[in-house]
Amino acid sequence: MSFDVLMPESEDELLTLLMSENAKIMAGGTDILVRIRAGKIKPEKIISLSKVRGMDEIIDKGDRIYIGCKVTHSAALSSEILKEHSPIMLMALREIGSPQIRNRGTIVGNIVNASPAGDSIIPLYLSNARVVISGPKGEYKLPIEEFIKGPGKTALSIGEFVRAVEFEKSGSWYPLFYKVGQRTAMAIAIASIGLLVKDNNLRIAFGSVAPTVVRAYKAERYFERNNGNIAVMDEFIELCMEYISPIDDVRASAWYRKEVIKNLLRDTFNSLRKKVL
Amino acid sequence: MMLELTVNGRVHSVEINPGEMLLDVLRRLGYKSVRRSCDNASCGNCTVLLDGKPILSCTTFAARATGHKIETVESLEKDGILHPIQESLLETGGAQCGFCIPGFALTAKALLEENPEPTEEEIREALNGNLCRCTGYESQIRAILNITHKRGGLSND
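This one's a predicted model, so the numbers in the text were calculated from it and none came from an experiment.

**Considering the overall build of chain A**
And step 1. Counting its regular elements, chain A contains 12 helices and 14 strands.
And step 2. Relative to a compact globule of 277 residues, whose C-alpha radius of gyration would be 19 Å, chain A shows 19 Å and is just as compact.
And step 3. C-alpha atoms of chain A, sized along the principal axes, occupy 55 × 45 × 35 Å.
And step 4. Taken over 277 residues, chain A has a buried fraction of 54%.
And step 5. Looking at chain A alone, contacts between residues at least 24 apart form 60% of all its contacts between residues at least 6 apart.
And step 6. Here chain A displays about 12,000 Å² of accessible surface, and carbon together with sulfur accounts for 49% of that area.
And step 7. Within chain A, the 33 negative side-chain charges are centred at a point lying 3 Å from the centre of the 38 positive side-chain charges.

Rendered as structure tokens:
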């Protein structure tokens, strides 16, 4: 394990360094350093964001929230803006790792890792997030569903980095997030579900059961067509399952994941009916 | 490269490789309470406090810690007197083989500084990144609850 560590102090310096070959950008390092140690990636240079000024802001932008790339999970968890306007994000962040990991890991790091199991990615899908990309051509935004291409794959080109993410407020929606893992702490999800409900509107997303986090748009429309109700649970589940293509891996089998999602859906909507529907 | 690290209030000048982890540098400096265990951010045994917050030194570059305050368990005992967390861990039998205890003590210290009267649930939540293969965790959780009780804090478990 040998590599150079570069610690730029400004965005300009960072953009210059990003043009170098076989360089990896790092925020908290909670994921990338583990992957390097496991021999999965072998970068020659690591560009650490730790000394870059700024980029750690959480901004209320009216109907959206803007989160800079250095905002840690812990910082987000104590943000009044998020508490009020994105309870679904807080529910997901609480499920991440442990206090030690949350003190270092970042939401943008979660996005760039593009893990189908990334806990904070589910609320971002539910909140129609846009990824703010900075690079040689300046700044532009991509919907998160276009940014994340597959496990570990993103739309980032050489020389670019994710400056921030912005997403819709959802304070008036009823939030729900549930994750099935092998143990309470530090566990990577076997399957997870997140949803937002408001009147006849539903947004629903799943983690760890497809190459990326997925939103079940057909199931959302079914819910709306039925005026905020689920007429036939099996039909609703069927529509959700169209988005799901789990794999067998070290954590669980594809069969188990499918069963978990079906059961989660039944349980979730049974308890939702009692609370809000 | 030369680096200045402030550990337990003491400033060290130390020569490091740019890619070296805080864990390795701290152990080289003699802070052997910082344990190397899983070495991949899973077990919490290498926990140190960075500006009062628990982090994993196995996946933190030493270079990143310059200009910040690092605390290890060596700072807890003062003139032969143990910190209340250490005393309490001894009383409840929280330290069996003892290997994971520095990480527990530091994570607990950070918790009690932020939240002097944690509930049992909050303690469990705060310690959930620290693995112990001896105790089953009950004794460590009781150790912290006992501190809360001694301070007159309410027990709501």
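From this point, the discussion proceeds with the structure in view.
**Details of the pattern of salt bridges**
And step 1. Overall, the coordinates contain 27 salt bridges over all chains when judged by the stated rule.
And step 2. For Arg163 of chain A, the salt bridge is made with Glu57 of chain A, and the minimal N-O distance between the two is 3.2 Å. Taken together, the positions of Arg163 of chain A in strand S10 (residues 161-168) and Glu57 of chain A in the loop between strand S3 (45-48) and strand S4 (58-61) put the pair 106 residues apart, joining distant regions of the chain.
And step 3. The partner of Glu71 of chain B in a salt bridge is Lys109 of chain B, with the nearest N and O atoms 2.5 Å apart. Residue Glu71 of chain B is found in strand S5 (residues 69-71), and its partner Lys109 of chain B is found in helix H3 (residues 101-114); the two are separated by 38 residues along the sequence.
And step 4. You can call Glu71 of chain B buried: its relative accessible area is 16%.
And step 5. Several salt bridges converge on common partners, so that one network encompasses Arg37 of chain A together with Asp24, Arg36 and Asp39 of chain B.

**Quick notes on the packing of aromatic side chains**
And step 1. All told, the structure shown has four aromatic pairs over all chains when counted by the stated rule.
And step 2. With 6.2 Å between their ring centres and 50 degrees between their planes, Tyr222 of chain A and Phe236 of chain A make a pair best called tilted. Here Phe236 of chain A lies in helix H11 (residues 233-241) and Tyr222 of chain A lies in helix H10 (residues 217-225), a separation of 14 residues in the sequence. Judged on exposure class, the residue Tyr222 of chain A and its partner Phe236 of chain A are both buried.
And step 3. Residues Phe104 of chain B and Tyr137 of chain B carry aromatic rings whose centres are separated by 6.3 Å and whose planes lie at 40 degrees to one another, so their mutual orientation is tilted. You can see Phe104 of chain B sitting in helix H3 and its partner Tyr137 of chain B sitting in the loop between helix H4 (120-126) and helix H5 (138-150), a full 33 residues away along the chain.
And step 4. Taken together, Tyr222, Phe236 and Phe269 of chain A form an aromatic cluster joined through their ring pairs.
And step 5. Geometry around Phe99 of chain B places Arg35 of chain B over its ring, the cationic atom sitting 5.2 Å from the centre.

**Focus: the domain arrangement of chain A**
Residues and elements named next belong to chain A.
And step 1. Taken domain by domain, chain A holds domain 1 (4-48), domain 2 (58-168) and domain 3 (174-274).
And step 2. Once you take the C-alpha centre of each, domain 1 and domain 2 turn out to be 19 Å apart.
And step 3. Contacts between domain 1 and domain 2 engage 11 residues on the former and 14 residues on the latter.
And step 4. Here domain 1 packs against domain 2, burying approximately 990 Å² in sum over the two surfaces, 63% of which is carbon and sulfur.
And step 5. For the pair domain 1 and domain 2, the number of links is one salt bridge.
And step 6. Where Glu11 meets Arg163, a salt bridge forms, and the shortest distance between an N and an O atom there is 3.6 Å.
And step 7. Counting across the interface, domain 1 meets domain 2 through three residue pairs in polar contact (both at pLDDT 80 or more).

**Focus: the sheet that holds strand S1 (residues 2-7) of chain B**
Residues and elements named next belong to chain B.
And step 1. Spatial ordering of the open sheet is given by S2-S1-S5-S3-S4, a layout of five strands whose pairing is mixed. What marks the edges here is a single partner per strand, and that holds for strand S2 (10-15) and strand S4 (53-56). Each neighbouring strand pair of the sheet contributes to a mean axis angle of 40 degrees, computed without reference to strand direction.
And step 2. As defined by bridge partners, strand S3 (residues 47-50) adjoins S4 across four bridges and the pair is classed as antiparallel. Paired with Leu50 across the bridge in S4 is Lys53.
And step 3. Across the sheet, H3 is in contact with S3, S4 and S5; its angle to S3 comes to roughly 35 degrees.

**Brief notes about the domain arrangement of chain B**
Residue and element names in this part refer to chain B.
And step 1. Entries for chain B in the domain assignment read domain 1 (2-75) and domain 2 (84-153).
And step 2. For domain 1 and domain 2, the distance between their C-alpha centroids amounts to 22 Å.
And step 3. Taken residue by residue, the interface counts 17 residues in domain 1 and 15 residues in domain 2.
And step 4. In total, about 1,200 Å² of surface goes out of reach between domain 1 and domain 2, with carbon and sulfur atoms giving 58% of it.
And step 5. Considering only the surface of domain 1 that becomes buried against domain 2, Arg35, Asn45 and Val73 emerge as the three largest contributors, covering 39% of it.
And step 6. Remark: the boundary between domain 1 and domain 2 carries one salt bridge.
And step 7. Scanning the region where domain 1 abuts domain 2 turns up five residue pairs in polar contact (both at pLDDT 80 or more).
And step 8. Of all the secondary structure elements, the ones that give two or more residues to the side of domain 1 that touches domain 2 are S3 and S4.
And step 9. In terms of residues, the side of domain 1 that touches domain 2 owes the most to one element, S3, which gives three residues.
And step 10. Partitioned by chemical class, the residues of the side of domain 1 that touches domain 2 number five nonpolar, eight polar and four charged.

Cut-off values and rules
Residues numbered from 1 in each chain as written. Chains lettered and ligands numbered in written order. Predicted model: local features only at pLDDT ≥ 70, side-chain atom pairs only at ≥ 80, totals over all residues. Heavy atoms only, no water. Helix = DSSP H or I, 4+ residues; strand = E, 2+ residues; numbered from the N terminus. Rg over C-alpha atoms; globule rule 2.2 N^0.38 Å. Buried < 20%, exposed > 50% of the residue type's maximum accessible area, 1.4 Å probe, protein only. Contact = heavy atoms within 4.5 Å. Areas by Shrake-Rupley, 256 points an atom, 1.4 Å probe, with all protein chains shown as cover. Lys, Arg positive; Asp, Glu negative; His and termini not counted. Charge placed at Lys NZ, Arg CZ, Asp CG, Glu CD. Salt bridge = Lys/Arg side-chain N within 4 Å of Asp/Glu carboxyl O. Phe/Tyr/Trp six-rings, centres within 6.5 Å; stacked < 30°, edge-to-face > 60°. Lys NZ or Arg CZ within 6 Å of the ring centre and 35° of its normal. Domains from an automatic or database assignment. Buried area = accessible area lost by both parts, 1.4 Å probe. Polar contact = N/O pair within 3.5 Å; in protein donor to acceptor, adjacent residues only side chain to side chain. Pairing = 2+ DSSP bridges. Axes fitted to C-alpha atoms, helices over the stretch in contact; angles between N-to-C directions. Nonpolar A, V, L, I, M, F, W, Y, C, P; charged D, E, K, R; others polar.

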